[in-house]
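Architecture and fold: a report
What follows is the residue order along each chain.
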Amino acid sequence: MKKIFYLFFLLATVFSFSQELVLIKFKDKPSKSHYLSNPIEMLTQKALDRRAKYSIPLSDNDVPVETSYVTDLRSLGISVIAVSKWFNGVFSEVTDVQKTQILTLSCVQGIESFVKNSSGSRMKSKIKTLPLFKNMAASTDTQINQIGLNYLHDNGFKGNGITIAVLDAGFPGVNTVSAFDHMRPNIKGGYNFVDHTDSFYSRDQHGTEVLSTIGGYVSGQYNGTAPDANFYLFITEKKESEIPQEEVWWIAAAEKSDSLGVDIINSSLGYNTFDDSRYDYTLADLDGKTSFISRGAQTATEKGIFVVVAAGNEGNNPWKKITVPADVQDVFAIGAVNSSGFPGSFSSYGPTADGRIKPDVSALGVSAAFFYSNGILSYGNGTSFSSPIIAGAVACLLQAYPTISPSVLRQKIRESVNLYSSPTDQMGYGIPNFATVFQALDVKEVQPNSNDLSIYPNPVRDGILHLKINSGKVENTEINFFSYTGQLIYSEKITLSSGENHITITLPPNVKKESHFILKMKLPNGKIVSQKIMVL
């Protein structure tokens, strides 16, 4: 009986290994010209607005995959896990025989395998929580005050108008638990990529715990870092196994986030080894360019999304290092510290394989407060919590300065950190101070009421705004008004006669309804004004 069972197990193993996860890459996108001429057919207006705000041009990888090419693959019996416009192809599990058939199709450029032929260990690399129960109020304050975020909250910046996509293992209880009542109207949608359903209030509660650190709110007891933000919730992680398909689902969710116009992605997930060791990574692969998920994460940043990921919980394990996609150049990787500012022993170490500083910064990940799916408040350890704490803080900054590019914002956050001049392998640049960042960004290229320009009154009380320019003749100057969510809400071109230097602007209704807006213009001397205006 044992021999028969062993034989069956061996055959099953051989059969399972006869398939491999691959990217089937297509040669072209025949409909490219049509989509690039009609971008609203492939991206939402919010996504187009984000590109316009950061001057990001449309590119080939914004164009959808040719539908007929996918149909040709399906006709061969190929099962599609996900279609990717960024990679211009299809992710699928195929056999060697199927690979031969696929390569006969004229639309196929080639096949790229996920298999690394590594002989790494079978360690799980999911970023898990280690719950500890303690007093509630103190840690809630700690995870906000430790990074100076209370300053932004006190000034009314709690993520309003900023959209965050949370990619995780599941969100049960978010639709019922009272700690999410405040944010629930701001949940704009989601998807369960693992089960291919719209049921995203399901599966593992890890995502619920992570989400609570950003959006959870209980009056007088608990504050997430961005409780007023908008959210999309995507399930990309299959808790019960560690399979490379999770990278595919992550990429699919990131592409969806981009098309929806999401501003920030938070991902408290990381990968290094899998149940099938053929897919394991080595430390040499931590270059931000090798893994599929890292390549997808880099593309997301190139679309203007501020991508925040957990550095990993491998500090006490033989692997020790960060996990992918925390190795990506423009991804913001977050390590874990305790309330005293010392690194959690479990927090993963950098640098990357090519010597770059990672993690970027650190936040509370030792005894961080979160909510379970049953509504019970708990404490847990993990960079799973450090990452969303920072993601929410970034949302508050983006609310305050919606036109600041992610690359500038990342650098300003790093510069605010206590270890900026002497980063460490485990904490990166250290613990950021978002109050310092907020104040640093408030230093304009031209100060209001300087010798170059006067803007008054500020706050605006009667809908009339006055600008006095003392730096030369004004010829065809464009004055732009941006909302605090980054949308261009009004633009006016001004030309003044010789000797004139005073501009009076009657704010239109869509500007007057804003409580704050940002005025931007170029002066005759070439300097740029970017000034916050309050409306009463």
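In case you missed it, the structure is sitting above this.
Keep in mind the model is a prediction, meaning the values are calculated, not measured.

Quick notes on the pattern of salt bridges
Scanning the model with the defined rule gives 18 salt bridges in all. Close ionic contact of Lys-303 with Asp-62 constitutes a salt bridge, the shortest N to O distance being 3.1 Å. Taken together, the residues span a long stretch of sequence, with Lys-303 in the loop between α10 (292-302) and β11 (306-310) and Asp-62 in the loop between α3 (45-53) and α4 (67-75) at a distance of 241 residues. According to the relative accessible area criterion, Asp-62 is buried, its value standing at 0%. Across the pair Arg-203 and Asp-195 runs a salt bridge whose closest N-O atoms are separated by 2.8 Å. Exposure remark for Arg-203: the relative accessible area of 28% places this residue in the partly exposed category. By relative accessible area, Asp-195 is classed as partly exposed at 34%. Here the salt bridges share partners, and the residues they tie into one network are Arg-50, Arg-51, Asp-62, Asp-258 and Lys-303.

Observations concerning the environment of Ser-291
Among the secondary structure elements, Ser-291 is positioned in the loop between β10 (264-267) and α10. Each C-alpha atom, one on Ser-291 and one on Asp-327, is 9.6 Å from the other, the two residues being 36 residues apart in sequence. Apart from residues lying up to four places away in sequence, Ser-291 is in contact with Glu-247, Tyr-281 and Val-324. Looking at Ser-291, its side chain comes within polar contact range of the side chain of Ser-294, at 2.7 Å.

Quick look at unusual backbone geometry
At the junction of Val-324 and Pro-325, the peptide bond is cis and its omega measures out at 10° in the coordinates. Structurally, Pro-325 can be placed in the loop between β11 and β12 (332-337). Going from Gly-350 to Pro-351, the amide bond is cis rather than trans, its omega being -5°. For Pro-351, the position within the fold is in the loop between β12 and β13 (361-364). The backbone phi angle of His-196 is positive, close to 55°, even though this residue is not glycine. What makes His-196 partly exposed here is its relative accessible area of 48%. Of note in the backbone geometry, Lys-320 takes a positive phi value of approximately 70° without being a glycine. Among the secondary structure elements, Lys-320 is positioned in the loop between β11 and β12.

Thoughts on the sheet that holds strand β18 (residues 477-482)
Judged by pairing direction, the sheet is antiparallel, and its four strands sit side by side in the order β19-β18-β21-β22 without closing on themselves. Looking at the sheet topology across the chains shown, the edges are occupied by β19 (488-494) and β22 (528-534). Along the sheet, successive strands turn relative to each other by an average axial angle of 20°, direction set aside. When β18 meets strand β21 (residues 516-522), the two strands line up antiparallel, connected through four bridges. Paired with Ile-479 across the bridge in β21 is Met-521.

Scoring rules and cut-offs
- Residues numbered from 1 in each chain as written.
- Predicted model: local features only at pLDDT ≥ 70, side-chain atom pairs only at ≥ 80, totals over all residues.
- Heavy atoms only, no water.
- Salt bridge = Lys/Arg side-chain N within 4 Å of Asp/Glu carboxyl O.
- Helix = DSSP H or I, 4+ residues; strand = E, 2+ residues; numbered from the N terminus.
- Buried < 20%, exposed > 50% of the residue type's maximum accessible area, 1.4 Å probe, protein only.
- Contact = heavy atoms within 4.5 Å.
- Polar contact = N/O pair within 3.5 Å; in protein donor to acceptor, adjacent residues only side chain to side chain.
- Pairing = 2+ DSSP bridges.
- Axes fitted to C-alpha atoms, helices over the stretch in contact; angles between N-to-C directions.

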